[in-house]
Amino acid sequence: MPHRLLILLASFCLYSASAQAHPGGLDAQGGHVDRQTGQYHCHREPCFSIHKKQQAAEQEAAQQHRPFSRLYDRTLWPHWVDADGDCQDSRAETLIRQSQQAVTFTHADHCVVATGRWHDPYTGQWFENAGALDIDHVVPLRHAHGHGGDRWRRAKRQRFANDPDNLLAVSASANRSKGASSPDQWMPPNRAYWCAYVRRWLLIKHRYQLMITPVEQQAIGRVLRHCPTSGQ
């Protein structure tokens, strides 16, 4: 199968497909998401065709024991940018935004955050030293690259890498334990956050039309079956 077919994986179409009618409108691909289960259902073309090509690409990748994309380079995903030119990059802004008390800075220029009060939803721990925290990409950059992001332009990669909805201040150990894992490979140690975590994962995946694999979807579905219809 030509490698160019991987561009089709960026079109969001999950393994579960159904011809049954569901309430709500269809997206540009001819399908929609069931908000209660998180499953995506195809109802018309091109969703069905994209779905078939996705399955074929997954099978080919599995047979060749390779990921969807092996060419991830973090430097191609501009992150921790200072979009508004105030010297506070997206890491600093995330720390300021998520701190539950006023932060302090390492210098008078107010560029680098020193202290505050943060709750890490992954572990349930509290932190006051910014140096103990990493800023986690809920949907990791490497994961996004292998599920459609490898075909994006640099500007879209930068937008994804600095999207506030995709950034969480968490303990450095939790972030490094997660790595580039998807929900079928890793979930936060704090089970109370699982519902919120998979919903946030889906929010980002839907927003950027990143592919969701069958095993990933199955893991998300297992979590959502035990979640209330709203909130955590």
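These remarks concern the structure in this document. (Residues numbered from 1 in each chain as written. Predicted model: local features only at pLDDT ≥ 70, side-chain atom pairs only at ≥ 80, totals over all residues. Heavy atoms only, no water.)

A word on the packing of helix α6 (residues 194–208) against helix α7 (residues 214–224)
Across the interface, α6 lies against α7 with an axial gap of 9 Å and an inter-helix angle of 140°. As judged from the angle between their axes, α6 and α7 are oblique. In this structure, the crossing between α6 and α7 has a hand that is left-handed. The residues of α7 that touch α6, namely those facing Trp-194, Cys-195, Val-198, Arg-199, Trp-201, Leu-202 and Lys-205, are Glu-216, Ile-220, Val-223 and Leu-224. (Axes fitted to C-alpha atoms, helices over the stretch in contact; angles between N-to-C directions. Helix = DSSP H or I, 4+ residues; strand = E, 2+ residues; numbered from the N terminus. Parallel < 35°, antiparallel > 145°, perpendicular 65-115°, else oblique. Left-handed = near helix turned anticlockwise from the far one by under 90°. Contact = heavy atoms within 4.5 Å.)

Structural notes on the sheet that holds strand β4 (residues 113–119)
One open sheet accounts for 3 strands, arranged β3-β4-β5; its pairing is antiparallel. Two strands in the sheet have a free side with no partner beyond their single neighbour: β3 (104–105) and β5 (126–129). Across 3 bridges, the pairing between β4 and β5 is antiparallel. Counterpart to His-119 in the pairing with β5 is Trp-126. This element, helix α2 (residues 90–98), spans β3 and β4 of the sheet and lies at about 50° to β4. (Pairing = 2+ DSSP bridges.)

Focus: the state of the cysteines
Here, the word disulfide means a covalent bond between the sulfur atoms of two cysteines. Applying the stated criterion across every chain yields a total of 2 disulfides. Here Cys-87 connects covalently by a disulfide to Cys-111, the sulfurs 2.0 Å from one another. Linking Cys-87 and Cys-111, the disulfide has an S-S dihedral of approximately -115° and is accordingly described as left-handed. Here Cys-87 is found in the loop between α1 (47–63) and α2, whereas its partner Cys-111 is found in the loop between β3 and β4, with 24 residues between them in sequence. Classification of Cys-87 as partly exposed rests on a relative accessible area of 31%. The disulfide partner of Cys-195 is Cys-227, and the gap between their sulfur atoms is 2.0 Å. Handedness of the Cys-195-Cys-227 disulfide follows from its S-S torsion of about -95°: it is left-handed. Here the residue Cys-195 occupies a position in helix α6, and Cys-227 occupies one in the segment after α7, the gap between them amounting to 32 residues. An identical accessibility class is assigned to Cys-195 and Cys-227; each is buried. (Disulfide = S-S within 2.5 Å. Buried < 20%, exposed > 50% of the residue type's maximum accessible area, 1.4 Å probe, protein only.)

Quick notes on α7
Three or four residues apart is the spacing at which side chains of an α-helix point the same way, because the helix has 3.6 residues per turn. Judged by how many residues are buried, α7 sits mostly within the fold: 8 of 11 residues are covered. Listed in full, the buried residues belonging to α7 are Pro-214, Glu-216, Gln-217, Ala-219, Ile-220, Gly-221, Val-223 and Leu-224.

Structural notes on α6
The terminal C-alpha atoms of α6 lie 21 Å apart, and with 15 residues this matches the ideal 21 Å at 1.5 Å per residue to within 8%. Cys-195, Ala-196, Tyr-197, Val-198, Trp-201, Leu-202, Ile-204, Lys-205 and Tyr-208 are the residues of α6 that are buried. Summarising the contacts, the buried residues of α6 are in contact with α3 (141–146), α4 (154–161), α5 (172–178) and α7. (Expected span 1.5 Å × (residues − 1).)

Things to note about the side chain of Asp-134
By the element assignment, Asp-134 lies in strand β6 (residues 133–137). In this structure the side chain of Asp-134 is engaged in a polar contact, spanning 3.0 Å, whose partner is the side chain of Arg-176. Other than its neighbours up to four places away in sequence, Asp-134 contacts Arg-91, Leu-168, Ala-169, Val-170, Ser-171, Ala-172, Asn-175 and Arg-176. (Polar contact = N/O pair within 3.5 Å; in protein donor to acceptor, adjacent residues only side chain to side chain.)

Focus: the pattern of salt bridges
Note that side chains of opposite charge can pair when their charged atoms are close. The tally for this structure, following the rule as stated, stands at 6 salt bridges. Arg-176 is the salt-bridge partner of Asp-134, the closest N and O atoms lying 3.0 Å from each other. Residue Asp-134 is found in strand β6, and its partner Arg-176 is found in helix α5; the two are separated by 42 residues along the sequence. With a closest N to O distance of 2.8 Å, Arg-207 and Asp-165 form a salt bridge. Of this pair, Arg-207 sits in helix α6 while Asp-165 sits in the loop between α4 and β7 (167–171), placing them 42 residues apart in sequence. (Salt bridge = Lys/Arg side-chain N within 4 Å of Asp/Glu carboxyl O.)

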